[in-house]
Every structure is written in structure tokens, then in C-alpha cells.
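Read off the chains here:
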Amino acid sequence: MAKGYWIARVDVRDPERYKDYVAAAKPAFEKYGANFLARGGDYHRLEGGVRARNVVIEFPSLQAAYDCYNSPEYQIAAAIRHEVADAEMVVVEGV
């Protein structure tokens, strides 16, 4: 079974409230087996637009990645994130 990945690019507008998003998202990430491969850190633009924060999260399966995003637990966190950050997020299937 292929793993699933969230790839997110984020500009945080309110760093203090973003901490609330991180705390609210934690139960969903734990429930669905999220493994953070990249979270913030140094980056270098090769092509196209960039955002200040880049995140790659691995899940045990593509379905787990979808289920985490759509879970009631994560949707509470997502509502906070929408208030304090601008982001693009995709779910991709691993090879």
C-alpha cells in the first residue's frame, strides 16, 4: 500500500495564534499516524513562487492522509489556520 503525503506551503500572518493551530492539529496527526518529514526550516527557491514555511507530512496510506484532513479533529485546527495563515496544501500518493 502506497503512503500518502501532505505537502503544504504556508505564510503565517499571526505566529502566536498559529501555535493554537499546531496544538489543535496534534490529536488528528497522532490519530492518523502522521510523520513530519519537513516542518519549516531552511529552503531555497528553485522555480516559481514561495511561501515562508514548507511542510511535508507522511501518512501510512493515502486514505489516512485524506481521513486526517477530513476528520472533525483536523477541521477544528484548519478553521484556526484559515484565520492566521495563507496556505496551499495538496495530498499526494507515494510510490
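Per chain, residue numbering runs from 1 following the sequence as it is written. Only residues with pLDDT of 70 or above have their local features reported here, since the model is predicted, and side-chain atom pairs are shown and tallied only from 80 upward, although totals for entire chains, interfaces and linings are computed over all residues. Only hydrogens and water are set aside; all other atoms, that is, all heavy atoms of the structure, feed into the side-chain values.

Trainee: I'd like to hear about the pattern of salt bridges, residue by residue, with values.
Mentor: Here, a salt bridge means any Lys or Arg side-chain nitrogen found within 4 Å of an Asp or Glu carboxyl oxygen. Under the criterion given, the structure shown has ten salt bridges. Notably, a salt bridge pairs E88 with R9, separated by 3.5 Å at the nearest N-O pair. With a gap of 79 residues between them, E88 in strand β4 (residues 85–93) and R9 in strand β1 (residues 4–12) connect regions that are remote in the sequence. For R9, a relative accessible area of 31% corresponds to the partly exposed category. The salt bridge involving R17 is made with E83; its shortest N-O contact spans 3.0 Å. A residue pair is termed long-range when its members are at least 10 positions apart, and R17 in helix α1 (residues 15–31) and E83 in helix α3 (residues 72–84) qualify at 66 residues. Only protein chains enter the accessibility calculation, which uses a 1.4 Å probe; a residue is then buried when its area is under 20% of its type maximum, exposed when over 50%, and partly exposed in between. We classify E83 as exposed; its relative accessible area is 51%. Salt bridges sharing partners connect three or more residues here, namely R9, D11, R51 and E88. Strands are runs of DSSP state E lasting at least two residues, helices are runs of H or I lasting at least four, and both sets are numbered from the N terminus onward.

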